Amino acid sequence: EEGRWHYSKKIGEAKRLGIKYLKKAEKIERSYNCLMAIGDAYFDLKKYKAAIKYYSKANNFSNNYISFYNLGVCYYKRKKYFEASNFFKQALDNFGNVPTGVPTISKGKIFISYAFSVYQFDRNKFIKIVQQISPKELEGYELDEFTLWYLSNDFDHAIDILPKMFEHWSVDTDVMAMVFDV
């Protein structure tokens, strides 16, 4: 136990040191990648407010779906679901617009994040969003797709997902409770 605590403490120290050096780099060359890296470091430290600041600055350099998505995740982590949903929607609207060399995020993952954020504050809008799902975009996200259909009370669609879900996932007790509830 003490070893894990010591290791975790060292990781945290390394991340804080990394932020210090990234901020120095920002003063030399203020770029999208540098600002995103600082935002990522703050995100890893669970300092979402600081991460939002840097993801927003990065977004001023390159108005792309990655920075919108990251902003959405930060707001979601801060339980600001309405704001999160707005950024996830912007990520969907700007999907595909990304600088060269920047890692990408699947449209399905963004769609799922958008739906779950809306679920937190507007169930009717959530149901409409889920009904717009393109099964092709959700390939590989069977458990999330099942959960979306289940939460929207569309049990027929949820049941249709089960064979694909069982092919790819080992299912835990909570999921089995939802399945048997259907």
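Residues numbered from 1 in each chain as written. Predicted model: local features only at pLDDT ≥ 70, side-chain atom pairs only at ≥ 80, totals over all residues. Heavy atoms only, no water.

Visitor: Give a description of a positive patch on the surface that names residues and reports values.
Guide: On the surface, Arg16, Lys23, Lys47 and Lys53 cluster together into a patch of positive charge. Along the chain, the position of lysine 53 falls in helix α3 (residues 48-61). Under the relative-accessibility criterion, lysine 53 is labelled partly exposed at 45%. (Patch = residues over 30% accessible without salt bridge, like charges linked within 9 Å, V, L, I, M, F, W, Y side chains within 5 Å. Areas by Shrake-Rupley, 256 points an atom, 1.4 Å probe, with all protein chains shown as cover. Salt bridge = Lys/Arg side-chain N within 4 Å of Asp/Glu carboxyl O. Lys, Arg positive; Asp, Glu negative; His and termini not counted. Charge placed at Lys NZ, Arg CZ, Asp CG, Glu CD. Helix = DSSP H or I, 4+ residues; strand = E, 2+ residues; numbered from the N terminus. Buried < 20%, exposed > 50% of the residue type's maximum accessible area, 1.4 Å probe, protein only.)

Visitor: Kindly report on the packing of helix α7 (residues 123-131) against helix α8 (residues 142-151), identifying the contributing residues and their values.
Guide: For the pair α7 and α8, interaxial distance at closest approach is 9 Å and the crossing angle is 135 degrees. Taken together, the axis directions place α7 and α8 in an arrangement best described as oblique. In this structure, the crossing between α7 and α8 has a hand that is left-handed. From α7, Phe126, Val130 and Gln131 reach across to α8, where they touch Leu148, Trp149 and Leu151. Classifying every residue of the contact of α7 with α8 gives 5 nonpolar, 1 polar and no charged. (Axes fitted to C-alpha atoms, helices over the stretch in contact; angles between N-to-C directions. Parallel < 35°, antiparallel > 145°, perpendicular 65-115°, else oblique. Left-handed = near helix turned anticlockwise from the far one by under 90°. Contact = heavy atoms within 4.5 Å. Nonpolar A, V, L, I, M, F, W, Y, C, P; charged D, E, K, R; others polar.)

Visitor: Provide a residue-level description of the pattern of salt bridges, including the pertinent values.
Guide: Inspection of every chain in the model, using the stated rule, returns 2 salt bridges. Put simply, lysine 89 and aspartate 93 hold a salt bridge, and the shortest N to O gap is 2.8 Å. One end of the pair is lysine 89 and the other is aspartate 93, both in helix α5 (residues 81-93) and 4 residues apart, which spans about a single turn. Glutamate 137 is paired through a salt bridge with lysine 107; the nearest N and O atoms lie 3.8 Å apart. Placement of glutamate 137 in the loop between α7 and α8 and of lysine 107 in helix α6 (residues 107-119) is noted, with a sequence separation of 30 residues between them.

Visitor: Just give me the short version of the packing of aromatic side chains, but keep the residues and values in it.
Guide: Taken as a whole and assessed by the stated rule, the structure comprises 11 aromatic pairs. Ring plane angle 25 degrees and centroid distance 5.9 Å describe the contact between tyrosine 42 and tyrosine 54, whose orientation is recorded as stacked. Of this pair, tyrosine 42 sits in helix α2 (residues 32-44) while tyrosine 54 is found in helix α3, placing the two residues 12 residues apart along the sequence. In this structure tyrosine 42 comes out as buried when scored by relative accessible area, which is 11%. Note on tyrosine 69 and phenylalanine 88: the rings are 5.5 Å apart at their centroids and 50 degrees apart in plane angle, and the pair reads as tilted. A residue pair is termed long-range when its members are at least 10 positions apart, and tyrosine 69 in helix α4 (residues 65-77) and phenylalanine 88 in helix α5 qualify at 19 residues. The class for tyrosine 69 is buried, based on a relative accessible area of 8%. Aromatic ring contacts, followed pair by pair, group Phe68, Tyr75 and Phe87 into a single cluster. (Phe/Tyr/Trp six-rings, centres within 6.5 Å; stacked < 30°, edge-to-face > 60°.)

Nothing here speaks to function; it is geometry throughout.
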